[in-house]
Amino acid sequence: MKEQTIDEMYGVPENFLEIEVRNPQTHGFGRKMFTDYEIVCRTNIPAFKLKTSSVRRRYSDFEWFRDVLERESSRVNIPPLPGKVFTNRFSDEVIEARREGLERFLQIVAGHPLLQTGSKVLSAFIQDPNFSRENYNY
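The name an unreviewed UniProt entry assigns to the protein chain is Sorting nexin-3, from the organism Rhizophagus irregularis. Listed in UniProt under the heading Function (unreviewed entry), the comment for the protein chain reads: "Required for retention of late Golgi membrane proteins. Component of the retrieval machinery that functions by direct interaction with the cytosolic tails of certain TGN membrane proteins during the sorting/budding process at the prevacuolar compartment. Binds phosphatidylinositol 3-phosphate (PtdIns(P3))." According to the UniProt record, the Sequence similarities (unreviewed entry) comment for the protein chain is "Belongs to the sorting nexin family."

**Brief notes about the pairing of strand 1 (residues 17-27)**
Pairing of strand 1 with strand 2 (residues 34-43), which is carried by nine bridges, proceeds in the antiparallel orientation. If you follow Gln-25 over to strand 2, its bridge partner there is Asp-36. Here strand 1 folds back onto strand 2, and the loop between the two strands holds six residues, one of which, Gly-28, carries a positive phi near 80°.

Scoring rules and cut-offs
- Residues numbered from 1 in each chain as written.
- Predicted model: local features only at pLDDT ≥ 70, side-chain atom pairs only at ≥ 80, totals over all residues.
- Heavy atoms only, no water.
- UniProt positions renumbered as here; feature names shortened; annotations may be inferred.
- Pairing = 2+ DSSP bridges.
- Helix = DSSP H or I, 4+ residues; strand = E, 2+ residues; numbered from the N terminus.

As structure tokens, then:
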């Protein structure tokens, strides 16, 4: 067995994809309140236009995104989102549990080769700061 060079051991892996959902912020008052989350992506996979990106999305954006992924790719089993919460929606515990669930969801779908090549919305949802649902007529 050939020994690995230092570069092979510590160099950048051929295809890497890191996705983090972090920094939740709650906006608005009363019935207009919502929380959004920062999606940070670092990758060298060609399906993604940018090597590094940071955008903000809210839970309803994720619901729309999941819906579109399901319609786009009948052969891929799209994982569930963390469930809807009806009480204490803005408590730290609820927001943190949701953040973890959204991060897991994105890591699974973004890492799926069929979605990377087949989805029209994947890269825009994760990377485009000007992303808008209106641009996609589904």
